[in-house]
Amino acid sequence: MAVDGFYRADTLPLGTLVCAVSGLDKSGKTNFACTAPPPIYYHNFDVVGKAVVAKFAREKEIWIADYPYTSKDGTAAWEAAWAKFKKDFSESVMRVAGGKGTVVVDSATEKWELSRLANFGKLTQVRPHHYGAVNAEMRELIRLCYINPTNAVFVFKKKAVWENDQRTGRYEPAGFGDMPFLVQANLDVWWEPAGAGGGGEFHMMIKNSTHNMGVAGEQLDGEMISWDTVTGMLFG
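Residue numbering note: each chain is counted from 1, following its sequence as written. Only residues with pLDDT of at least 70 get local features here, since the model is predicted, and only at 80 or more are side-chain atom pairs given and counted; chain-wide, interface and lining totals rely on the full set of residues. Note that water and hydrogens are dropped before the side-chain values are worked out from all heavy atoms of the structure.

(A) Geometry of the environment of Asn44. Locating Asn44 in the fold gives a position in strand E2 (residues 40-44). Working definition: with a 1.4 Å probe on protein chains only, accessible area under 20% of the residue-type maximum means buried, over 50% means exposed, and in between means partly exposed. Residue classification places Asn44 among the buried positions, given a relative accessible area of 3%. The spacing of Asn44 and Phe176 is 132 residues in sequence and 17 Å in space, taken between C-alpha atoms. By definition in these notes, contact holds between two residues if any of their heavy atoms fall within 4.5 Å. Not counting chain neighbours up to four residues away, the residues in contact with Asn44 comprise Lys50, Ile64, Ala65, Asp66, Tyr67 and Asp106. N or O atoms within 3.5 Å of each other form a polar contact, as long as, within protein, one can give a hydrogen and the other can take it, and as long as residues adjacent in sequence are counted only when both atoms are side-chain atoms. A distance of 3.1 Å separates the side chain of Asn44 from the backbone nitrogen of Asp46, its partner in a polar contact. By definition, any uninterrupted DSSP run of H or I lasting at least four residues is a helix, any uninterrupted run of E lasting at least two residues is a strand, and each is numbered from the N terminus.

(B) Here's a closer look at helix H4 (residues 108-120). The span one expects for a helix is its residue count, reduced by one, times 1.5 Å. With 13 residues, H4 extends 18 Å between its outermost C-alpha atoms, agreeing within 8% with the 18 Å of an ideal straight helix rising 1.5 Å per residue. All buried positions along H4 are accounted for by Ala108, Thr109, Glu110, Lys111, Trp112, Leu114, Ser115, Arg116, Leu117 and Ala118. A positive backbone phi angle near 75 degrees is found at Gly121, which sits one or two residues after H4.

(C) Highlighting the environment of Leu17. Among the structural elements, Leu17 can be located in the segment before strand E1 (18-23). With a relative accessible area of 0%, Leu17 lands in the buried category. Linking Leu17 and Val134, residues 117 residues apart in sequence, is a C-alpha distance of 24 Å. Excluding its chain neighbours within four sequence positions, the residues that come into contact with Leu17 are Thr150, Asn151, Ala152, Gln184, Ala185, His211, Trp227, Thr231, Leu234 and Phe235.

(D) The arrangement of the pattern of salt bridges in detail. We define a salt bridge as a contact between a side-chain nitrogen of Lys or Arg and a carboxyl oxygen of Asp or Glu at a distance within 4 Å. Applying the stated criterion across every chain yields a total of 11 salt bridges. Of the charged contacts in the structure, one is a salt bridge between Glu91 and Arg95, with a shortest N-O distance of 4.0 Å. You can see Glu91 and its partner Arg95 sitting in helix H3 (residues 75-96), 4 residues apart, about one turn around the helix. Residue class for Glu91 comes out partly exposed when judged on its relative accessible area of 32%. For Glu140, the salt bridge goes to Arg143, with nearest N and O atoms at 2.6 Å. Pair noted here: Glu140 and Arg143 are both in helix H5 (residues 132-147), with a separation of 3 residues, about one helical turn.

(E) Up close: the packing of aromatic side chains. Think of it this way: a Phe, Tyr or Trp ring, Trp meaning its six-membered ring, pairs with another when their centres are within 6.5 Å, and the plane angle makes it stacked under 30 degrees, edge-to-face over 60, tilted otherwise. Taken as a whole and assessed by the stated rule, the structure comprises 11 aromatic pairs. Members of the aromatic cluster, joined through ring pairs, are Phe45, Tyr67, Trp82, Phe85, Phe89 and Phe154.

(F) Seen up close, H5. An ideal rise of 1.5 Å per residue puts 22 Å on 16 residues; H5 measures up with 22 Å between its terminal C-alpha atoms. For H5, every residue scored as buried is listed here: Val134, Asn135, Met138, Leu141, Ile142 and Cys145. The inward-facing, buried residues of H5 abut E1, H3, H4, strand E5 (151-163) and helix H6 (179-182).

(G) Molecular detail of the layout of surface pockets. Of the two site types, the cavity is a set of points on a 1 Å grid over the protein atoms alone where a 1.4 Å probe fits but cannot get out, and the pocket is an open set with protein on both sides within 12 Å along at least five of seven lines, each lined by residues with an atom within 4 Å of a point. Grid points are joined across faces, edges and corners, and a volume is the space filled by probe spheres set on the points. In this structure, the largest pocket encloses a volume near 340 Å³. Lining the largest pocket are 17 residues, with Asp25, Lys26, Lys29, Thr30 and Val48 positioned closest to its centre. Listed by contribution, the elements that provide at least two residues to the lining of the largest pocket are helix H1 (29-33) and helix H2 (50-57). Residue composition of the lining of the largest pocket, by class: 5 nonpolar, 6 polar and 6 charged. Ten residue types, Ala, Val, Leu, Ile, Met, Phe, Trp, Tyr, Cys and Pro, are classed as nonpolar, four, Asp, Glu, Lys and Arg, as charged, and the remainder, Gly among them, as polar.

(H) Structural context of the environment of Trp227. Relative to the elements of secondary structure, Trp227 occurs in helix H7 (residues 227-235). Taking relative accessible area as the criterion, Trp227 reaches 3% and is therefore assigned buried. C-alpha separation for the pair Trp227 and Val189, spaced 38 residues apart in sequence, amounts to 13 Å. For Trp227, the contacting residues outside a window of four places in its chain are Leu17, Cys19, Phe32, Thr35, Ala36, Pro37, Asn151 and Val153.

(I) How the structure looks around the side chain of Asp88. Relative to the helices and strands, Asp88 is located in helix H3. Among the polar contacts made by the side chain of Asp88, one reaches the side chain of Tyr67 at a distance of 2.9 Å. Of the polar contacts made by the side chain of Asp88, one reaches the side chain of Lys84; its length is 2.7 Å. Discounting chain neighbours no more than four positions away, the residues touching Asp88 are His43, Ala65 and Tyr67.

On their own, these measurements won't tell you what the molecule is for.
Below is the structure:
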């Protein structure tokens with residue numbers, strides 16, 4: 001029986017994933033993102049990441065949009081770059097809606113920085129109550145991935161955690177603070193050197209997931225780190 005204003009939950013599409021992957025430099029963040037289903041629309045804030053993308057582009061369809069900026073560009077340039085990203089991001093979500101590809105933002109750390117520069121003209125000495133509209137804008141961009149079910153990977157750099165003016169030895173994602181609550185899965189990656197002989201191995205931990213908290217804390221190593229492995233674990 002149809003109910004006016006409602007729809008059956010069993011009509012919801014399955015198999016799309018919105019996730020955040022975080023790690024230090026050269027830890028496999030972009031590599032994981034590029035294992036996602038093509039076509040990939042890669043929103044590039046990271047000049048280093050394109051070297052990894054080029055490797056995968058030999059085997060799958062990847063489209064790149066660049067957002068070059070510096071902290072010295074000035075408000076007009078920041079506003080133009082931010083407007084371009086919002087337009088490109090919205091259009092790419094619509095192209096891959098229904099799981100027909102993937103949207104990647106690399107890195108979401110710089111995306112957050114550009115948003116603040118475009119809105120405030122600076123990164124420091126901004127009062128907390130001024131962030132309301134900026135935070136709302138960020139949430140709306142993420143919601144697009146749910147309104148139009150989309151595979152999306154938001155790549156985050158990590159920063160050191162300080163307490164009492166001392167490094168704690170811990171690290172946390174750098175960027176929009178609400179992001180862990182807005183994505184469906186939070187993933188950590190790192191590189192572990194083998195020792196004096198050189199070499200080493202990439203690792204990933206599934207921190208949590210709305211799809212399947214039963215795999216929270218599970219670790220993947222080496223070639224097991226891929227979109228297919230992660231989604232297979234999350235969707236069961």
